[in-house]
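Take a look at the letters that make up each chain.
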Amino acid sequence: MARWLLPSRGLLRLKSLASSSASAVISRSYISEMRRSALRENLLRILRTEIAYEVESRPPSQPEAAFRSFDVDDRPGEQWIKLRWSRGREEIKIEATMFDGAAPSTRSAAPSEVAEAGDARLHITLMVEVSKGDDSEFALQFACSAWPDDIEVEKVFPVRRGHATHRQYMGPDFKELDEEMRDTLLEYLEERGVNDELAGFLHGYMANKDRTELVRWLRNIETYVKK
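Residues numbered from 1 in each chain as written. Predicted model: local features only at pLDDT ≥ 70, side-chain atom pairs only at ≥ 80, totals over all residues. Heavy atoms only, no water.

The protein chain goes by Mitochondrial glycoprotein family protein in an unreviewed UniProt entry, where it is assigned to Musa balbisiana.

Pasting the structure below:
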């Protein structure tokens, strides 16, 4: 009779082991889920704290829709804006990046002083295009740097409208041109509103856009994590 009972006892042990194993799996799964939930809640808490800090300490303002004769076309979620001015037969288009570099301040300091982050001069890249509508096959482009108080021209070159410029000859650097030619081209730009005042406007605009985009970025991450 005992011989017939042995398989039953073995089967009971197997069932017991299987039950214990299943409980362990369920327990590990529960712990893992709890950890994921805690991580998610912690991340959401951090994001909300950052959003509240940015909104309260550096609240973004409503971006301006125009500057002088230029209409401003902001691109929410993108790192650049476009300005446009129809000036008689001419059309002036400017594409400006958000801050994409910096240089040490030109302000003199004692050798023992340590430069602070606020002393850096932030940089904005500009592409200025002046065209004459359908009357001209070409447009004139200027590659520029906008610093807080001035605009520097890096290159000037004609482009065939509707064609890519990445392989065309772009001429010498602006600083290598004859001085009289440089001065004349700078006057040409000034007449079209590309001047130091524009540089100041762009730096103020981009400082505000930087805050706006940071808050948007944080909120988009928060929205993703909540789902």
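Colleague: Pulling in residues and values, what's your account of unusual backbone geometry?
Modeller: For Arg-68, which is not glycine, the phi dihedral falls at a positive 50°. Mapped onto the secondary structure, Arg-68 falls in the loop between strand E1 (66-67) and strand E2 (70-74). Arg-68 sits in the exposed class, given a relative accessible area of 62%. (Helix = DSSP H or I, 4+ residues; strand = E, 2+ residues; numbered from the N terminus. Buried < 20%, exposed > 50% of the residue type's maximum accessible area, 1.4 Å probe, protein only.)

Colleague: How would you summarise helix H2 (residues 179-191) if you had to cite specific residues and measurements?
Modeller: Helix length check: H2, at 13 residues, gives a terminal C-alpha distance of 19 Å against a target of 18 Å (1.5 Å per residue), a fit within 8%. In the stretch just after H2, Gly-193 is the one whose phi turns positive, near 80°. (Expected span 1.5 Å × (residues − 1).)

Colleague: Can you lay out the side chain of Lys-155 for me, pointing to particular residues and giving the numbers?
Modeller: Within the secondary structure layout, Lys-155 lies in strand E8 (residues 150-160). Separated by 2.6 Å, the side chain of Lys-155 and the backbone oxygen of Gly-171 make a polar contact. If we ignore the near neighbours within four places in the chain, the residues touching Lys-155 are Gln-141, Phe-142, Ala-143, Met-170, Gly-171, Pro-172, Asp-173 and Phe-174. (Polar contact = N/O pair within 3.5 Å; in protein donor to acceptor, adjacent residues only side chain to side chain. Contact = heavy atoms within 4.5 Å.)

Colleague: Give me the lowdown on the pairing of E2, citing residues and values where you can.
Modeller: As defined by bridge partners, E1 adjoins E2 across two bridges and the pair is classed as antiparallel. Residue pairing across strands places Phe-67 opposite Phe-70, the latter belonging to E2. Following E1, the chain reverses through two residues before pairing antiparallel with E2; Arg-68 in that reversal takes a positive phi of roughly 50°. Alignment of E2 against strand E3 (residues 80-87), held across four bridges, turns out to be antiparallel. (Pairing = 2+ DSSP bridges.)

Colleague: Residue-level account of the nonpolar core, with values.
Modeller: Leu-83, Ile-94, Leu-126, Val-128, Phe-142, Leu-198 and Leu-202 are the most contacted members of the largest nonpolar core, which has 31 residues in total. Put simply, the parts of the chain that give this core at least two residues each are E2, E3, strand E4 (90-97), strand E6 (121-131), strand E7 (138-147), E8, H2 and helix H3 (196-226). Here this core gets six residues from one element, more than from any other, and that element is H3. In this structure, Val-128 is in contact with Ile-92, Lys-93, Ile-94, Leu-140, Gln-141, Phe-142, Cys-144, Leu-189 and Val-194, ignoring residues within four places of it in sequence. Residues Leu-47, Ile-51, Leu-218 and Val-225 belong to the second largest nonpolar core, which totals five residues. (Core = buried A, V, L, I, M, F, W, Y, C linked by side-chain atoms within 4.5 Å.)

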